[in-house]
Amino acid sequence: MIELKTTGEIQKMKDACKIAAGALHAAGEAVRPGVSTAEVNRAAEDFIIKHHAYPTFKGYNGYPAASCISINDEIIHGIPAKSRIIQPGDIVSVDVGATFNGFVGDNAATFAAGEISPEAQRLCDTTRESLYEGIKMAVAGNRIGDIGSTIQRYCEERGFSVVREYTGHGVGRVMHEDPSVPNFGTPGRGVRLLPGMTIAIEPMICMGSPAIKQMSDGWTVKTRDGKYAAHFEHSIAITPDGPVILTIA
Ligand code: MF3
Ligand code: CO
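Residues numbered from 1 in each chain as written. Chains lettered and ligands numbered in written order. Predicted model: local features only at pLDDT ≥ 70, side-chain atom pairs only at ≥ 80, totals over all residues. Heavy atoms only, no water.

Engineer: In this structure, what is going on with the coordination of the cobalt ion (ligand 2)? I would like to understand it.
Structural biologist: When four donors bind a metal tetrahedrally, each ideal donor-metal-donor angle is 109.5 degrees, and when six bind octahedrally, the ideal angles are 90 or 180 degrees. Distances from the cobalt ion (ligand 2) to its protein donors, Asp106 (OD), His169 (NE2), Glu202 (OE) and Glu233 (OE), fall within 2.0 to 2.3 Å. Taken together, the 6 donor atoms coordinating the cobalt ion (ligand 2) and their angles of 47 to 174 degrees define a geometry best described as irregular. Counting residues between consecutive donors of the cobalt ion (ligand 2) along the chain gives the motif D-x62-H-x32-E-x30-E. Taken together, the positions of Asp106 in strand 5 (residues 103-112) and Glu233 in the loop between strand 13 (229-231) and strand 14 (234-239) put the pair 127 residues apart, joining distant regions of the chain. (Donors = N, O, S within 2.8 Å, 3.2 Å for Na, K, Ca; no water. Tetrahedral: all angles 85-135°; square planar, octahedral: opposite > 155°, others 65-115°. Helix = DSSP H or I, 4+ residues; strand = E, 2+ residues; numbered from the N terminus.)

Engineer: How should the site of ligand 1 be read in this particular structure?
Structural biologist: Neighbouring ligand 1 are 13 residues, the closest being Phe57, Asp95, Asp106, His176 and Glu202. Asp95 has a polar side-chain atom sitting 3.1 Å from a nitrogen atom of ligand 1. His169 is positioned with one of its side-chain polar atoms (N or O) 3.2 Å from an oxygen atom of ligand 1. Surface burial for ligand 1 is 95%, taken as the share of its 340 Å² of free accessible area covered by protein chains. By residue class, the composition of the shell around ligand 1 is 6 nonpolar, 3 polar and 4 charged. (Near = heavy atom within 4 Å. Polar contact = N/O pair within 3.5 Å; in protein donor to acceptor, adjacent residues only side chain to side chain. Areas by Shrake-Rupley, 256 points an atom, 1.4 Å probe, with all protein chains shown as cover. Nonpolar A, V, L, I, M, F, W, Y, C, P; charged D, E, K, R; others polar.)

Engineer: How should I be thinking about the sheet that holds strand 7 (residues 168-170) in this particular structure?
Structural biologist: Adjacent strands of a sheet pair through backbone hydrogen bonds, lying either parallel or antiparallel. With respect to topology, 5 strands assemble into an open sheet ordered 8-7-9-14-15, the strand pairing being antiparallel. The open sheet has two free edges, formed respectively by strand 8 (177-181) and strand 15 (242-245), since each of these has just one partner strand. When strand polarity is set aside, the average angle formed by the axes of neighbouring strands in this sheet is 25 degrees. As paired elements, strand 9 (residues 198-201) and strand 14 share 4 bridges and run antiparallel to each other. (Pairing = 2+ DSSP bridges. Axes fitted to C-alpha atoms, helices over the stretch in contact; angles between N-to-C directions.)

Engineer: What is the right way to read the sheet that holds strand 11 (residues 212-214) from this model?
Structural biologist: With respect to topology, 3 strands assemble into an open sheet ordered 3-12-11, the strand pairing being antiparallel. Unpaired on one side and paired on the other, strand 3 (74-76) and strand 11 mark the two borders of the sheet. Averaged over neighbouring strand pairs, the angle between their axes works out to 40 degrees when direction is ignored. Summarising the sheet, strand 11 and strand 12 (residues 221-223) pair through 3 bridges and their orientation is antiparallel. Paired with Ile212 across the two strands is Thr223, which belongs to strand 12.

Engineer: Would you mind going over the nonpolar core with me for this structure?
Structural biologist: Within soluble globular proteins, side chains that are nonpolar tend to cluster in buried spots. Core analysis: the biggest nonpolar cluster contains 45 residues, and Val40, Ile147 and Ile201 have the highest contact counts within it. At the level of elements, helix 1 (7-30), helix 2 (37-50), strand 2 (67-71), strand 4 (91-100), helix 3 (118-136), helix 4 (144-157), strand 9 and strand 14 are the ones that each hand at least two residues to this core. Of all the elements, helix 1 adds the most residues to this core, at 6 residues. The residues touching Ile201, leaving out its near neighbours within four places in the chain, are Leu131, Gly134, Ile135, Ala138, Ile147, Ile151, Val181, Phe232, Glu233, His234 and Ile236. (Core = buried A, V, L, I, M, F, W, Y, C linked by side-chain atoms within 4.5 Å. Buried < 20%, exposed > 50% of the residue type's maximum accessible area, 1.4 Å probe, protein only. Contact = heavy atoms within 4.5 Å.)

Engineer: How should I be thinking about the side chain of Asn41 in this particular structure?
Structural biologist: Looking at where Asn41 falls in the secondary structure, it is placed in helix 2. A distance of 3.4 Å separates a polar atom in the side chain of Asn41 from the backbone nitrogen of Ala66. Contact partners of Asn41, with chain neighbours within four places excluded, come to Ala65, Ala66, Ser67, Ile69 and Pro80.

Engineer: What am I meant to see in the environment of Ile69 here?
Structural biologist: In this fold, Ile69 is placed in strand 2. Residues Ile69 and Ala27, spaced 42 residues apart in sequence, show a C-alpha to C-alpha distance of 9.7 Å. Once residues lying within four places of it in the same chain are set aside, the contact partners of Ile69 are Thr37, Val40, Asn41, Glu74, Gly78, Ile79, Pro80, Val92, Ser93 and Val94.

Engineer: Honestly, helix 4 in this entry has me stumped. Any pointers?
Structural biologist: Under the 1.5 Å per step criterion, the end-to-end length of helix 4 is 20 Å for 14 residues, consistent within 8% with the ideal 20 Å. A large share of helix 4 lies buried, amounting to 11 of its 14 residues. Considered for burial, the residues of helix 4 that qualify are Ile144, Gly145, Asp146, Ile147, Gly148, Ser149, Thr150, Ile151, Gln152, Tyr154 and Cys155. On its buried side, helix 4 packs onto helix 3, strand 6 (161-162), strand 8, strand 9 and strand 10 (204-206). Of the residues flanking the end of helix 4, it is Gly159, one or two places downstream, whose phi is positive at about 90 degrees. (Expected span 1.5 Å × (residues − 1).)

Dropping the structure here:
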């Protein structure tokens with residue numbers, strides 16, 4: 001069931017989303033060669049705690065940390081670790097959520113560690129741009145397929161591929177609400193978008209094949225071919241005045 005939010009609820013959600021965005025920014029500032037993913041996670045978690053919010057991911061289905069940190073061919077759900085040291089040329093995807101005042105904010109971005117290859121840069125740029133193209137389609141009266149098909153076309157036209165097994169989602173009082181928001185699809189198909197819907201749009205885009213493999217830690221998801229992947233996410237609200245990005249620091 002899709003839970004529509006009132007203007008007041010969206011205002012509250014903005015507070016949670018602002019904290020999630022601040023945490024993501026803090027994590028991004030911490031990303032550089034020689035730093036462990038545990039330290040990057042710490043930067044995000046400290047920000048959340050300092051703002052009297054709860055790190056949504058911690059304990060979610062048993063997940064052990066405040067953020068997911070996924071490097072290079074890791075697409076999503078990498079578990080931060082002291083032993084995992086960021087290397088020059090790595091692309092580092094950070095996904096972090098905050099719960100505040102009964103609402104959740106969820107966002108992600110891929111950061112460069114030092115000098116990265118032109119192709120890795122193009123992957124990150126395209127993934128970020130595809131998120132904004134998708135957001136533009138999050139207009140009342142459009143359908144879920146308008147968002148996904150736009151992201152898919154944008155990335156595939158540029159030679160990249162879209163992960164199928166994981167999608168965006170409704171977000172609100174809990175992290176994962178209806179509807180599912182795939183990064184692929186058919187224009188004009190799927191759930192109709194209404195004012196008051198709040199969704200997380202999160203393209204996960206690969207340089208090579210979109211086939212995935214699940215790691216034995218039970219969380220980390222990698223590309224099967226070992227090529228790089230990028231991930232950007234915003235929580236947004238669909239309003240009578242168009243899409244509003246909530247995860248702004
Ligand atoms: N934030 C992720 C998403 O965008 C989910 C993280 S799973 C968790 O849907 F277990 F780490 F919380
Ligand atoms: Co999400």
